[in-house]
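# Secondary and tertiary structure notes
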Amino acid sequence: MTELVEPAPPADPAGAATPRWCDRCGESVAAGPHEACAAARALEPPRWCALCRRRMKVQVVPTGWSAVCVEHGEIRG
């Protein structure tokens, strides 16, 4: 007999888990400092999910931006 199991809720990209990947270049945060990425991120949205390293779908509009990871959901700025 098959048992129904509720799926686990998605992780919160706003800070529930420690980011392992740079959200601008997609490289490991442990690989070294990402000062250029941090400076660029002040002006542009993230391109990579910091939790799973998937490329995100990014939309920029005059009032802000949104970035969507298929695994972890949407973040806005």
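Just above sits the structure.
Residues numbered from 1 in each chain as written. Predicted model: local features only at pLDDT ≥ 70, side-chain atom pairs only at ≥ 80, totals over all residues. Heavy atoms only, no water.

### Considerations on the pattern of salt bridges
Convention followed: When a carboxyl oxygen of Asp or Glu is within 4 Å of a side-chain nitrogen of Lys or Arg, the pair counts as a salt bridge. The secondary structure listing takes helices from DSSP runs of H or I that are at least 4 residues long and strands from runs of E that are at least 2 residues long, numbered from the N terminus. Only protein chains enter the calculation, and the probe is 1.4 Å; a residue is then buried if its accessible area is under 20% of its type maximum, exposed if over 50%, and partly exposed in between.
One pass over the full model with this rule turns up five salt bridges. Ionic pairing is found between Arg24 and Glu44, a salt bridge with its closest N-O pair at 3.1 Å. One end of the pair, Arg24, is in the segment before α1 (35–41); the other, Glu44, is in the loop between α1 and β1 (57–61), and 20 residues separate them in sequence. Since its relative accessible area comes to 31%, Arg24 is described here as partly exposed. With relative accessibility at 26%, the residue Glu44 sits in the partly exposed group. The partner of Glu71 in a salt bridge is Arg54, and the shortest N-O contact between them spans 3.8 Å. Placement of Glu71 in the loop between β2 (64–69) and β3 (73–76) and of Arg54 in the loop between α1 and β1 is noted, with a sequence separation of 17 residues between them.

### Description of the packing of aromatic side chains
Using the following cut-off: Each pair of aromatic rings taken from Phe, Tyr and Trp, with Trp reduced to its six-membered ring, is defined by centres within 6.5 Å and is described as stacked if the planes are under 30 degrees apart, edge-to-face if over 60, and tilted in the remaining cases. Consider the ring centre and the ring normal. A charge sits over the ring if Lys NZ or Arg CZ is within 6 Å of that centre and within 35 degrees of that normal.
Counted by the stated rule, this structure contains zero aromatic pairs. Positioned over the ring face of Trp48 is Arg55, at 5.1 Å from the centre of the ring.

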